[in-house]
Structures are given as C-alpha cells and as structure tokens.
Amino acid sequence: MSAMQRDIMKSKLPPLPSKPVGQASRFSSLVPKRNVKDYSPSSWEGYFDKQHDVKVGENTFRLYTRGTDGPVVLLLHGGGHSALSWAVFTKTLCDMCDCQVAAIDFRGHGDSSTTNDTNMAADVMAYDICHVILNFYDQSPPPIVMMGHSMGGAIAVHIAAKKILPNLSGLAVIDVVEGTALDALSSMQSFLRSRPQKFSSLKQAIEWSIRSGQLRNLTSAKISMAGQLKKVEGTSSQSSNVSLDIVEETEEEVENEQTSFSSTSISEEQSEYTWRVDLAETEKYWKGWFENMSSLFVSCPVPKLLLLAGIDRLDKDLTIGQMQGKFQMQVLPNCGHMVHEDVPDKVAEILTAFLLRQKLTVAKSNFERHTPSC
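Only a predicted model underlies this, so the values are computations on that prediction, with no experimental measurement involved. (Residues numbered from 1 in each chain as written. Predicted model: local features only at pLDDT ≥ 70, side-chain atom pairs only at ≥ 80, totals over all residues. Heavy atoms only, no water.)

A. Region of interest: the overall build of the protein. When helices and strands are counted, the protein shows 14 helices and 13 strands. When the 374 residues of the protein are sorted by exposure, 52% land in the buried category. Within the protein, contacts between residues separated by at least 24 positions form 76% of all contacts whose residues are at least 6 apart in sequence. (Helix = DSSP H or I, 4+ residues; strand = E, 2+ residues; numbered from the N terminus. Buried < 20%, exposed > 50% of the residue type's maximum accessible area, 1.4 Å probe, protein only. Contact = heavy atoms within 4.5 Å.)

Below you can see the structure in the form of structure tokens.
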C-alpha cells in the first residue's frame, strides 16, 4: 500500500451502522416522497359552462361559453389546436372581471364539422367566425373583444380589418407577428415531420406535450390535448411510435395539479390517436394568413393589444406603430409560444386591465394588477 493510499484510508469516515431489516431511518420522513406524475386527461367542465353546436348552412361549429354578463370575449385558437386551449384562461378571466367568453373551433379543428374541412383560406375562416357569432347571438351580439392566438390572431386581424363583425370593441393578438411568422414558414414542414404521428392514448399525448416543451402548463395540457387529436378506428393501443420513459416528480411538484376528470366527457379507451388536423396539407393557405398582417393590425379602428413571448418577435411595422402609440404591447418572458396556456393567469390579468381601461367591464373584488403594461 502506497503512502497516498494510507493517507486516504486514514481520512475516511467510519462506515454507517447497518440498519436492521424492516426498520425505517429516523430521517426518512425528511426525504421528499417520489410519485409518478399524473398525465390523465381532464374534462373542460368546470372551465366552460356549456358547449353548443352552431349551425351555419350545412356546417356545424363547436362553441364553448362561460358567463352571461358583460362584454363577449371571443377567443380564436391557433392552427392545429382547438377552443379547449382557452379553458384554464377562461376560468381565470371570469374570476377577475365581469364578461362572457365564447371560444370557437375553427373549421377542420376540434369538434367542428364542415362540408370542406380542408379549405382554411383566411377569408373563409373569417366569415365562418362572423356567421357563428351572428347566429348564436341572433344577429345582435353584445360588445365583442376578439382575442386570437397565432393563426387565430391572424384571422382576428382579418375580421377586424374587414369590419364584418358588428359591435367589435377591441382586438387582442397573442404571439403572432407578420415578419416572424412568414420567416418561420420555411421550417414549418420540418417541425411537423418531427412530431410523433400517433399516440397509444390521450395520456401519452399529454405526457409528450409537456416533456417536449410544446406546453408548459400540465393543467391546461390535460384539457386541451384532446381537442388536437382524433381516435383512429380499428387500431390497438399496442402500436405507437412514441417512446416515453416514466418521469418521477416530488409531491410538491404535483400537489396543485388537477387529476380528476369526468368519464362522461373523456373516454380513455385503448385506442390509437393521431392529429385532428393535417397541418402539412394546409401549406397553401399559410402565407395568406399572415401576409400584410402587421399593417392591417395597426390600421384596425378599435383599441388593440399585442401580447408577445419575446421582444425579438416585433417587426418594423409593429415597431413603428408601437412607438406611435397605435396599440398597447405586453411582453411575457419565460413562456413558450402557447402563451395563454403556459401563463393563463398573467394573460387574464393583462386582458382584464385592457377591458377596464376601455371601460368595457368592472373588476371583481379579487382582481389585483401586478404586470406592468408597455
């Protein structure tokens, strides 16, 4: 044995006494327990009050609502998503101020069904939304504040610019800018190919959405992922091209997560699921969604709000418009593209302040403004 080895041996601490079999350590209660994270799907019930199927000619559009008083906050989801992506945001917003919420599934999305689900031209979808609202509110809607995310934000701008929706009193757009969106189109097909093409269950899809970073709010993901997928008939849950390892979380990390769901609304059967919308097939419409969007947004004759996940997304037209005070802007860092799902409380807080500033609503007693405006 060398001198170095003898020095090391001398410096070693004595071994811990062995623990009798079956006897727990007196420190075991101090070690956080480990639990498998629960990715079970949740129902939209408790977030929206009702669901409606609104007929427009031969087409049927799914509409979710909450509240009966105040202005209508019309919510338009992003491409490939559904109205369920607004569920957690809706409940949070209605807890902060007096308003009604109406969230619509676009054609080809969610539970809407049309004679041509693949026709997603900007004008077609813009008029779809207007017809749904006019039919639902019997041609006389209350004051409407329209909020759209990504593709839905672009369609909201088209609607506002065309002045085809009566009683429009405000416009809010989430994380979509013309320049950035058009630049990203060249890589969109690669992104779509990189996604799993099928899942063995809704639970597996929810786990993928969180672990891949597509969504950062598990409570919202457990509701919204069902609206992005469709069940493939005649398949078995044994086949899937997604491989996920079990993830363990501490009790502290899961204690606030909603795990219950209504079995009448969500059926987690052993089936295979794939994407509800084949976004790759809609490529010919992408440019039409976003082209001239910035100039149209700035020129819309209603109060406007722009929410971004990063200041780098601002293009030239919007930069000039923001410096001229043409719209209110708010940057929400530390969240992904799905801003209203990742941080629904902050988005609800900003929209409530916007509605109050325009004197469209009144705040509830528990509303407190934290996020400064830009």
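B. Representation of the pattern of salt bridges. What the rule picks out here adds up to eight salt bridges. For Arg62, the salt bridge identified is with Asp53, shortest N-O distance 2.7 Å. The salt bridge involving Asp111 is made with Arg62; its shortest N-O contact spans 3.2 Å. Of this pair, Asp111 sits in the loop between β5 (100-104) and α3 (122-136) while Arg62 sits in strand β3 (residues 59-66), and the two are 49 residues apart along the sequence. Overall, Asp111 belongs to the partly exposed group, its relative accessible area being 44%. Among the ionic contacts, a cluster of salt bridges with common partners joins Asp53, Arg62 and Asp111. (Salt bridge = Lys/Arg side-chain N within 4 Å of Asp/Glu carboxyl O.)

C. Representation of α3 within the structure. The terminal C-alpha atoms of α3 lie 21 Å apart, and with 15 residues this matches the ideal 21 Å at 1.5 Å per residue to within 8%. Those residues of α3 not exposed but buried are Ala122, Met125, Ala126, Asp128, Ile129, Cys130, Val132, Ile133 and Leu134. (Expected span 1.5 Å × (residues − 1).)

D. A look at helix α10 (residues 283-290). Of the residues making up α10, those classed as buried are Tyr285, Trp286, Trp289 and Phe290. The arc enclosing the buried residues of α10, seen along the axis, measures out at 125°, which places them on a common side. Lining the buried residues of α10 we find α3, α4 (151-162), α5 (178-184), α6 (188-194) and α11 (293-299). (Arc of directions from axis to C-beta.)

E. Layout of the environment of Gly153. Note that Gly153 resides in helix α4. The contacts of Gly153, once residues within four sequence positions are left out, are Gly148, Val173, Val176 and Met293.

F. Region of interest: unusual backbone geometry. A positive phi angle, near 55°, is found at Asp138, a position not held by glycine. Position of Asp138 relative to the elements: it lies in the loop between α3 and β6 (144-149). We note that Lys163 has phi near 60°; this positive angle belongs to a residue other than glycine. Structurally, the position occupied by Lys163 is in the loop between α4 and β7 (168-174). Since its relative accessible area comes to 63%, Lys163 is described here as exposed.

G. View of the sheet that holds strand β8 (residues 198-199). Across the sheet, which stays open at both edges, the three strands sit in the order β8-β11-β9 with antiparallel pairing between neighbours. Sheet topology places β8 and β9 (229-232) at the edges, where each strand pairs with a single neighbour. This element, helix α8 (residues 218-228), spans β9 and β11 (272-275) of the sheet and lies at about 60° to β9. (Pairing = 2+ DSSP bridges. Axes fitted to C-alpha atoms, helices over the stretch in contact; angles between N-to-C directions.)

H. Examining the nonpolar core more closely. Counting 55 residues, the largest nonpolar core has Leu74, Met146, Ile159, Leu171 and Trp289 as the members making the most contacts within it. Those residues in contact with Trp289, other than ones at most four positions away along the chain, are Met120, Ala122, Met125, Met151, Ala154, Ile155, His158 and Thr282. With 38 residues, the next largest nonpolar core counts Val145, Leu305, Val339 and Phe354 among its residues. (Core = buried A, V, L, I, M, F, W, Y, C linked by side-chain atoms within 4.5 Å.)

I. Molecular detail of the sheet that holds strand β2 (residues 50-56). Pairing in this open sheet of eight strands is mixed, and the strands run β2-β3-β5-β4-β6-β7-β12-β13 from one edge to the other. Bordering the open sheet on either side are β2 and β13 (328-331), each of which pairs with just one other strand. Strand after strand, the sheet turns through a mean of 20° between neighbouring axes, direction not considered. With seven bridges connecting them, β2 and β3 associate as antiparallel partners. If you follow Lys55 over to β3, its bridge partner there is Thr60. Of the strands in this sheet, β2, β3, β4 (72-76), β5 and β6 touch α3, which is tilted by about 110° from β2. Here α4 sits on the sheet and contacts β4, β6 and β7; the angle it forms with β6, its principal contact strand, is near 145°.

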